[in-house]
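So you can see what is in the structure, the chains are spelled out below.
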Amino acid sequence: ASLFSKDSIYPSAKLYIGKDGVKHVFEMLLTKIKDEKIKRIHVYSDYLLTEQFPKYFSDWRKRKNETGTYTQLIVPFGTPMTEDYSSNEFRETRVMPEKFSFLGSLDICGSLCSFFSFKDKEVYSIVIDSPIVAEMLTKMFQYVWETLKK
């Protein structure tokens, strides 16, 4: 006997290691945005992303912006408000209080939830593809978003 009905959509979780693995995940996100015409993504991100991938992420962000997809971005206190993090026509950025600083990133894009570590040699991504998990994390993101100053 199976724990799930045959009509169920099974969630998946995968680990991608190293810089090439992380780049692969960002390309997956961009493909998801284009294929499903996603208009808004929700992101928590520290500034180590652009330290690890300065040229690649700048290029990726431009390609994402070409889709017209809007990003709601939450960054930790002390993040430099450079072109990569400040608000613009494609992104609104809000800052977590210093007490709640964090390392790493979480991108919620459709049913994909991509967790990232960019610290030193701990460069990896864990991707969970689950509509239920994505909806739960989106609701928690929206709650935090509404509590932060514009």
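This text follows the structure it describes.
Everything in this summary refers to the structure shown in the same document. Note that the structure is a prediction, hence the values are computed from the model and not measured.

Some words on the sheet that holds strand β2 (residues 40-45)
Then, number 1: Judged by pairing direction, the sheet is mixed, and its seven strands sit side by side in the order β1-β7-β6-β5-β2-β3-β4 without closing on themselves. Only two strands of the sheet have a single neighbouring strand rather than two, namely β1 (12-17) and β4 (91-95). This sheet shows a mean twist of 15° between the axes of neighbouring strands, independent of strand direction.
Then, number 2: As defined by bridge partners, β1 adjoins strand β7 (residues 122-129) across six bridges and the pair is classed as antiparallel. Across the sheet, residue Lys-14 finds its bridge partner in β7, namely Val-127.
Then, number 3: Along the sheet face, helix α1 (residues 18-36) touches β1, β2, β5 (105-109), β6 (112-119) and β7 and points at about 150° away from the line of β6.

Details of the packing of α1 against helix α3 (residues 54-66)
Then, number 1: Two elements in contact, α1 and α3, have axes separated by 11 Å at closest approach and are oriented at 5°. In terms of their interaxial angle, α1 and α3 are classed as roughly parallel. Along its contact with α1, which presents Lys-23, Phe-26, Glu-27, Leu-29, Leu-30 and Ile-33, the element α3 presents Tyr-56, Phe-57, Trp-60, Arg-63 and Lys-64.
Then, number 2: The residue makeup of the contact of α1 with α3, split by class, is seven nonpolar, no polar and four charged.

A few points about a nonpolar patch on the surface
Then, number 1: Taken together, the side chains of Leu-15, Ile-17, Phe-115, Tyr-124 and Ile-126 make up a nonpolar region of the molecular surface, amounting to roughly 450 Å² of accessible area.
Then, number 2: Elements with a contribution of two residues or more to the nonpolar patch: β1 and β7.
Then, number 3: Its location among the elements puts Leu-15 in strand β1.

Concerning the pattern of salt bridges
Then, number 1: A full pass over the atoms with the stated rule returns seven salt bridges.
Then, number 2: The partner of Arg-63 in a salt bridge is Glu-27, and the shortest N-O contact between them spans 2.6 Å. Here Glu-27 lies in helix α1 and Arg-63 lies in helix α3, a separation of 36 residues in the sequence.
Then, number 3: On the accessibility criterion, Arg-63 (22% relative accessible area) is partly exposed.
Then, number 4: According to the relative accessible area criterion, Glu-27 is partly exposed, its value standing at 27%.
Then, number 5: Across the salt bridge formed by Arg-61 and Asp-84, the nearest N and O atoms sit 2.2 Å from each other. Of this pair, Arg-61 sits in helix α3 while Asp-84 sits in the loop between β3 (70-75) and β4, and the two are 23 residues apart along the sequence. The burial state of Arg-61 is the same as that of Asp-84; both residues are buried.

A word on the packing of aromatic side chains
Then, number 1: Taken as a whole and judged by the stated rule, the model has eleven aromatic pairs.
Then, number 2: Summarising the aromatic geometry, the rings of Phe-26 and Phe-57 are spaced 5.9 Å apart at their centres and angled 65° between planes, so their arrangement reads as edge-to-face. Pair noted here: Phe-26 is in helix α1 and Phe-57 is in helix α3, with a separation of 31 residues, a long-range link.
Then, number 3: According to the relative accessible area criterion, Phe-26 is buried, its value standing at 2%.
Then, number 4: Here Phe-26 and Phe-116 contribute two aromatic rings whose centre-to-centre distance is 4.7 Å and whose plane-to-plane angle is 10°, an arrangement assigned as stacked. Of this pair, Phe-26 sits in helix α1 while Phe-116 is found in strand β6, placing the two residues 90 residues apart along the sequence. Neither Phe-26 nor Phe-116 differs from the other in exposure class; each is buried.
Then, number 5: Through successive ring pairs, a cluster of aromatic residues spans Phe-26, Phe-53, Tyr-56, Phe-57, Trp-60, Phe-116 and Phe-118.

Calculation criteria
- Residues numbered from 1 in each chain as written.
- Predicted model: local features only at pLDDT ≥ 70, side-chain atom pairs only at ≥ 80, totals over all residues.
- Heavy atoms only, no water.
- Pairing = 2+ DSSP bridges.
- Helix = DSSP H or I, 4+ residues; strand = E, 2+ residues; numbered from the N terminus.
- Axes fitted to C-alpha atoms, helices over the stretch in contact; angles between N-to-C directions.
- Contact = heavy atoms within 4.5 Å.
- Parallel < 35°, antiparallel > 145°, perpendicular 65-115°, else oblique.
- Nonpolar A, V, L, I, M, F, W, Y, C, P; charged D, E, K, R; others polar.
- Patch = residues over 30% accessible without salt bridge, like charges linked within 9 Å, V, L, I, M, F, W, Y side chains within 5 Å.
- Areas by Shrake-Rupley, 256 points an atom, 1.4 Å probe, with all protein chains shown as cover.
- Salt bridge = Lys/Arg side-chain N within 4 Å of Asp/Glu carboxyl O.
- Buried < 20%, exposed > 50% of the residue type's maximum accessible area, 1.4 Å probe, protein only.
- Phe/Tyr/Trp six-rings, centres within 6.5 Å; stacked < 30°, edge-to-face > 60°.

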